[in-house]
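Structural characterization, general
The chain contents come next:
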Amino acid sequence: MTDGLAARSVLAWLAYLASRLLARRKVPELVGFLVVGAALGPSGFELLTGTELARLAPITEVALAILMFLIGERVSARALRATRWALSAGIVQYVLSGLAVYVASSALGSDRATALLLAALAGAGAPLTIASVVTSAKAQGSYPSGLVSSHAVCAALAATHFAAVLPVAILLADADATVENALGNFVQLGIGGAVLGGAFGLLIARFGSQIETSGELLLFVLVHLLVGWTIAEQFDISLPLAALIGGAVAATRAPEEFSVRLFRTIRTIEQPLYLLFFALAGASI
């Protein structure tokens, strides 16, 4: 345990130093996180082993859920009304990417099931990466905000489309697959994530406004995200989709003043979460 903690401490320290050095050269800090993670991971100097990464998987998933909850604000009704082009841009980007990949993979000989899955994932976008770059660059205005929103729209479309396509792909590829199992996969991945995220988003919007201090509000949100992670693990529900929907619902349903305070409070831990997520992502390369 001591060796594992020391390895994680060294990883975090070096990733932070690399991000600061690169920031002076106008390079996004996440590049430093990824490079250091890859260098110290199982494919590099093995400071972190594959076993250690597997143990850290739950922490990475919770960090991803918190970051996706923050991204959810960018696809709330208020955010999309403020930057109307983000919704149409996200849809166009997703559709064109999916069609291009489906046609290309089919032309290269992929079977229909594989082509469908690749097309569903192709336009997913990179909302976490874009949001991290925007944050580190301290970019403000309608364009950077809309850019994150458009990628968040792509991520939401990819999650729901993948949930719908996966059962079809299973039926096409596996002769022993049943319609009941395929529908069960769709409910778990798609509907389950949307329902779980919507329920927790409404709960946070309804009761969070009664909390006065920032520390207690942050604790309130983190505890409910942990409960959501537990439920998602138990029922094989898509946690990123649930977190994204939860953030969007909370930002939409909460009074505007509280919504601003809510997400400002959660963003106080945004940078450490980016370091954790991208450093461990780099180590998994």
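On a predicted model such as this, the values are computed, not experimentally measured, just so you know.

Overview of the overall build of the protein
- Helices and strands together make up the secondary structure of the protein, namely 14 helices and zero strands.
- Beginning at the N terminus, the succession of helices and strands in the protein can be written as α-α-α-α-α-α-α-α-α-α-α-α-α-α.
- For a compact globule of 285 residues, the expected C-alpha radius of gyration is about 19 Å, and the protein comes in at 20 Å, within 12% of that figure.
- C-alpha extents for the protein along the principal axes are approximately 50 × 50 × 35 Å.
- Evaluated residue by residue, the protein yields a buried proportion of 41% over its 285 residues.
- Expressed as a percentage of contacts within the protein between residues at least 6 apart in sequence, the contacts between residues at least 24 apart total 78%.
- A total of about 14,700 Å² of accessible surface is found on the protein, and carbon and sulfur atoms cover 66% of it.

Considerations on unusual backbone geometry
- Even without being a glycine, K26 presents a positive backbone phi close to 65°.
- Here K26 is to be found in the loop between α1 (2-23) and α2 (29-40).
- Judged by its relative accessible area of 76%, K26 falls in the exposed class.

Here we look at the pattern of salt bridges
- Inspection of the entire model under this criterion finds three salt bridges.
- In this structure, the salt-bridge partner of R20 is E29, at a minimum N-O distance of 2.7 Å.
- E29 sits in the buried class, given a relative accessible area of 5%.
- Across the pair R55 and E52 runs a salt bridge whose closest N-O atoms are separated by 3.7 Å.

With respect to the nonpolar core
- By size, the foremost hydrophobic cluster in this structure holds 60 residues, and its most contacted members are F69, V221 and L262.
- The residues contacting L262, other than those within four sequence positions of it, are I204, L217, V221 and A250.
- Among the nonpolar cores identified, the runner-up in size contains five residues, and Y94, A120, C154 and A158 belong to it.

Considering the environment of A169
- The topology assignment puts A169 in helix α9 (residues 142-173).
- Taking C-alpha positions, A169 is 15 Å from G190, a pair spaced 21 residues apart along the chain.
- Ignoring sequence-local partners within four residues, the contact set of A169 consists of A113 and L117.

A few points about the packing of helix α8 (residues 127-137) against α9
- Look at α8 against α9: their axes get within 8 Å of each other, and the N-to-C directions meet at 165°. When the axis of α8 is compared with that of α9, the two are roughly antiparallel. The chirality of how α8 crosses α9 is left-handed. Residue-level inspection shows P127, I130, A131 and V134 of α8 in contact with α9, the latter providing P144, L147, V148, H151, A152 and A155.
- Here the contact of α8 with α9 is built from residues that sort into nine nonpolar, one polar and no charged.

Some words on the side chain of T60
- With respect to the helices and strands, the residue T60 is situated in helix α4 (residues 57-72).
- T60 gets classed as buried once you look at its relative accessible area, which sits at 18%.
- Other than its neighbours up to four places away in sequence, T60 contacts F277 and L280.

A short note on helix α10 (residues 179-207)
- If you check α10, its first and last C-alpha atoms are 40 Å apart, about what 29 residues at 1.5 Å a residue would give, namely 42 Å.
- At G192, α10 shows its strongest bend, of approximately 40°.

Digging into the packing of aromatic side chains
- Using the criterion set out here, one finds four aromatic pairs in the structure.
- Ring centres of F69 and F263 lie 5.5 Å apart, and the angle between their planes is 20°; this geometry places the pair in the stacked category. With F69 in helix α4 and F263 in helix α13 (residues 256-266), the pair connects residues that are 194 residues apart, well separated along the chain.
- Judged by relative accessible area, F263 falls into the buried class, the value being 0%.
- Ring pairing ties together the aromatic residues Y274, F277 and F278, which thus form one cluster.

Some words on a nonpolar patch on the surface
- Residues L87, I91, V95 and L99 make up a contiguous nonpolar surface patch of roughly 320 Å² in combined accessible area.
- Mapped onto the secondary structure, L87 falls in helix α6 (residues 84-107).

Comments concerning α13
- The set of residues buried in α13 consists of F258, S259, L262, F263, T265 and I266. For α13, the angular spread of buried residues about the axis comes to 155°, placing them on one side. Looking at α13, the residues exposed on the side facing more than 90 degrees away from the buried face are E256, E257 and R264.
- Close packing links the buried residues of α13 with α4, α5 (77-82), α10, α11 (214-235), α12 (239-253) and α14 (270-283).

Thresholds, definitions, all that
Residues numbered from 1 in each chain as written. Predicted model: local features only at pLDDT ≥ 70, side-chain atom pairs only at ≥ 80, totals over all residues. Heavy atoms only, no water. Helix = DSSP H or I, 4+ residues; strand = E, 2+ residues; numbered from the N terminus. Rg over C-alpha atoms; globule rule 2.2 N^0.38 Å. Buried < 20%, exposed > 50% of the residue type's maximum accessible area, 1.4 Å probe, protein only. Contact = heavy atoms within 4.5 Å. Areas by Shrake-Rupley, 256 points an atom, 1.4 Å probe, with all protein chains shown as cover. Salt bridge = Lys/Arg side-chain N within 4 Å of Asp/Glu carboxyl O. Core = buried A, V, L, I, M, F, W, Y, C linked by side-chain atoms within 4.5 Å. Axes fitted to C-alpha atoms, helices over the stretch in contact; angles between N-to-C directions. Parallel < 35°, antiparallel > 145°, perpendicular 65-115°, else oblique. Left-handed = near helix turned anticlockwise from the far one by under 90°. Nonpolar A, V, L, I, M, F, W, Y, C, P; charged D, E, K, R; others polar. Expected span 1.5 Å × (residues − 1). Bend = angle between axes of the 7 residues up to and from the residue. Phe/Tyr/Trp six-rings, centres within 6.5 Å; stacked < 30°, edge-to-face > 60°. Patch = residues over 30% accessible without salt bridge, like charges linked within 9 Å, V, L, I, M, F, W, Y side chains within 5 Å. Arc of directions from axis to C-beta.

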